[in-house]
Amino acid sequence: MPEKTAAGTPVIFGKFPLERLQAGEKINYLTFWLKADNPGSVSVVLPKDDWSSRLSTELVLRAGEWQKVRLNLKEDMGLKDVTWGLEKLRGELFFYNLNTAQKTVFYLDEIQFE
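Predicted model only: the values in this text are computed from it and were never measured. (Residues numbered from 1 in each chain as written. Predicted model: local features only at pLDDT ≥ 70, side-chain atom pairs only at ≥ 80, totals over all residues. Heavy atoms only, no water.)

The helix and strand tally for the protein chain stands at one helix and seven strands. In sequence order, the secondary structure elements of the protein chain are arranged as β-α-β-β-β-β-β-β. For 114 residues, the compact-globule formula gives about 13 Å, and the C-alpha radius of gyration of the protein chain, at 14 Å, lands near that figure. Dimensions along the principal axes, computed over C-alpha positions, put the protein chain at roughly 40 × 30 × 25 Å. For the protein chain, with 114 residues in total, the buried portion stands at 40%. Taking the contacts inside the protein chain whose residues are at least 6 apart along the sequence as the reference set, 77% of them involve residues at least 24 apart. Entry remark: accessible area of the protein chain is about 6600 Å², with carbon and sulfur atoms responsible for 49%. Each charge class in the protein chain was averaged separately, 15 positive and 16 negative side chains, and the resulting centres sit 2 Å apart. (Helix = DSSP H or I, 4+ residues; strand = E, 2+ residues; numbered from the N terminus. Rg over C-alpha atoms; globule rule 2.2 N^0.38 Å. Buried < 20%, exposed > 50% of the residue type's maximum accessible area, 1.4 Å probe, protein only. Contact = heavy atoms within 4.5 Å. Areas by Shrake-Rupley, 256 points an atom, 1.4 Å probe, with all protein chains shown as cover. Lys, Arg positive; Asp, Glu negative; His and termini not counted. Charge placed at Lys NZ, Arg CZ, Asp CG, Glu CD.)

Here is the structure:
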């Protein structure tokens, strides 16, 4: 991803199915494997269906090995602070580059809810 500038913040996003969330399945974590080529930071965002709110956290990237990331939706992503549930998620996951000095190169694998 290019560096963040006054013109905007680079973003990567993906979609996910909502069936498990809308069925009320108990889900506590967003997990994935991540490998960064250079240090940096990204914001991980799960927006609400109407864009009025979101769950989010900032990740500090360490260069080198693959790392398993396990984000607690209540504590790490802020679900405990909102008045809506996971069934109201939009079905999209965003990674925003927060680096202003350099591009950020990272890889993602096995993104899932647990």
